[in-house]
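Okay, here's what each chain looks like letter by letter:
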Amino acid sequence: MQFRDLKKQYEALGPSIDAQIQSVITSASFISGPQVKELETQLAEYTGVKHCITCGNGTDALSMALMAWDIKEGDAAFVPDFTFFASGETVSFEGATPVFVDVDKDTFNMDPDRLEEAIKLVLEEGRLIPRVIITVDLFGLPANYPRIREIADRYGLKILEDSAQGFGGMIGKKRAGIFGDMATTSFFPAKPLGCYGDGGAIFVNDDETAAYLESIRVHGKGSFKYDNVRIGWNSRLDTLQAAILLPKFKAFCEYELDAVNHVAEKYTELLKDIVKTPVIPDGYLSSWAQYTIQLENRETRDGLQAFLKEKGIPTMIYYPKPMHKQRAFADLTVYQECPVTEMLCQTVLSLPMHPYMEEKDIIIVVENIKEYFAK
C-alpha cells in the first residue's frame, strides 16, 4: 500500500503525460516554453485571480511574495506554530521575525483568537512592526479567512495565504488562492496538485506586484532578458514540469478532487467512533493533502503507527515538533504558549490518502486500526 499512490495516478494519466513530455523534448523549449504560460492561465482562471506566476518551488513562492511587500528586519510575520518549516523559514530568510500562533484543535489551522492575542503582545512590546499574517491551509483545509480577514483589516496587516497543501480547497464558492492579499502553492509531488519534481506558484490580483514577481524570478529582468533592473534570482518552473501538470490539473478538476473527498468521507464514516477524525466546518471543502486522525496520547499514537507498519500500512506524522521548538528558531521571543500545537505534535497520525485509493484499501486500514484498539 502506498501513502500517496503516484504510480497509480500515472497508470491513469500516463499516455497524456507522456505526450506532453514528448512535445517539450521535440520542441526543445525547456525553459519558459509555451506550456508554462498555458498552465499559469488555467490556474489563474481556476482560482479566480488575475495573475498566476509560477516559480521553482513553494518555498521560493513564499519568499518572493514577502520580497514584493518589502518584508524586512524589524517586521513581524504571524505564522501558525503547527506547520511545515518553510512557512516560518522564509520570514527569517528576509530578515524579519516570525511570531508563532497556536492553532485550532479541530481544524489544525491558525486560531483567530490566539492570532489577535499575539498581535496585541507584539504591539505592546513595541520592538517589532506587525506587517503580515501567513495563514496555512493545512492538510487541504482553508484557514478561517472570514475571521482572519477581520483581524488583518483591524490592525492593517497583509494576509499571505500559504496554500501549499490547500490547492483546490474552498469556502463557499471561493477557492484557495483567492483568500489572501497574495497566495502561494507548491507542486511538490505529494501535494494535491503535484508535478514530478519541484515547482510552485504565486496568485495575485495586483498588476504591479505581478510584474515585480515576473521580474525577480528571472534575475530581476526588465524589458528583456539582458536588461536587469533589480536584484532578483533564478526561480522558474521548468517547461517539462508545466507540461506534466497540464494533464494532472485536468484530472484534478474533472474527478480527483471529488474522489479524494469520497475517500475522506469513507474514512470518517468508518473511524468516527474509534478515533478523533478531521473536522470540516460547514461551507468548507478540503482538498485532503492528508487525512489526519488524533489519538489519545503519544504512546497510543506511536503504538498504532508501529502496528500499522508491521501490517504494511504506511503512515506519517505531520508534524512531530512545534515551530517554536525548532533549533533554528531558538533565539526568537516566544510571545504565547501554544498548548494545542504541542498536544497535536504528540497525537496526530496521517493515514494513506489519495484520489485513486480503492474502498477495499480503506477498509484494510480501518480494520487494522480496530484490531490495534481491540488488543
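Each chain has its residues counted from 1, running along the sequence as written. Predicted model: local features are reported for residues with pLDDT of at least 70 only, side-chain atom pairs are reported and counted for 80 or more only, and whole-chain, interface and lining totals are derived from all residues. To get the side-chain values, take all heavy atoms of the structure and skip hydrogens and water.

Under an unreviewed UniProt entry, the name given to the chain is DegT/DnrJ/EryC1/StrS family aminotransferase, and the source organism is Enterocloster hominis. In UniProt, the chain has this text filed under Sequence similarities (unreviewed entry): "Belongs to the DegT/DnrJ/EryC1 family." UniProt positions are given in the numbering used here, feature names are shortened, and annotations may be inferred rather than shown by experiment.

**Q** Mind showing me how you'd approach the environment of Ala289 here?
**A** Here Ala289 is to be found in the loop between β10 (284–285) and β11 (291–294). Expressed as a C-alpha distance, the spacing of Ala289 and Leu62, which sit 227 residues apart in the sequence, is 19 Å. For helices the rule is a DSSP run of H or I covering at least 4 residues; for strands it is a run of E covering at least 2, with both sets numbered from the N terminus onward.

**Q** Quick question: what am I supposed to make of the sheet that holds strand β6 (residues 170–171) here?
**A** Backbone-to-backbone hydrogen bonds pair the strands of a sheet. The strands run either parallel or antiparallel. Pairing between two strands is assigned when DSSP locates at least 2 bridges connecting them. What the three strands build is an open sheet, ordered β7-β6-β10; its pairing is antiparallel. Each end of this open sheet is capped by a strand with a single partner; those strands are β7 (174–175) and β10. Strand direction decides the pairing type here: β6 and β10, joined by two bridges, are antiparallel. Across the sheet, Met170 pairs through a bridge with Leu285, a residue of β10.

**Q** Just checking my understanding: could you explain empty space enclosed by the protein for this structure?
**A** Rolled over the atoms, a probe sized like a water molecule indicates the empty space that remains. Throughout, the protein atoms alone are placed on a 1 Å grid, and a set of points is a cavity if a 1.4 Å probe fits but cannot get out or a pocket if it is open with protein on both sides within 12 Å along at least five of seven lines; lining residues have an atom within 4 Å of a point. Grid points are joined across faces, edges and corners, and a volume is the space filled by probe spheres set on the points. Across all of its chains, the model carries four cavities of 30 Å³ or more by this definition. Put simply, the largest cavity is a space of about 110 Å³. Lining the largest cavity we find 14 residues, and of these Arg4, Leu6, Gln9, Pro192 and Glu256 sit closest to its centre. Of all the elements in the fold, those that place two or more residues in the lining of the largest cavity are α1 (6–27) and α8 (239–271). Residue type decides the class: Asp, Glu, Lys and Arg count as charged, Ala, Val, Leu, Ile, Met, Phe, Trp, Tyr, Cys and Pro as nonpolar, and the leftover types, Gly among them, as polar. Within the lining of the largest cavity, the residues separate by chemical class into six nonpolar, three polar and five charged. Within this model, the second largest cavity holds a volume of roughly 90 Å³. In this structure, the second largest cavity is lined by 14 residues; those nearest its centre are Phe108, Phe139, Leu141, Pro278 and Trp288. Each residue belonging to the lining of the second largest cavity can be placed in one class, and the counts come to nine nonpolar, four polar and one charged.

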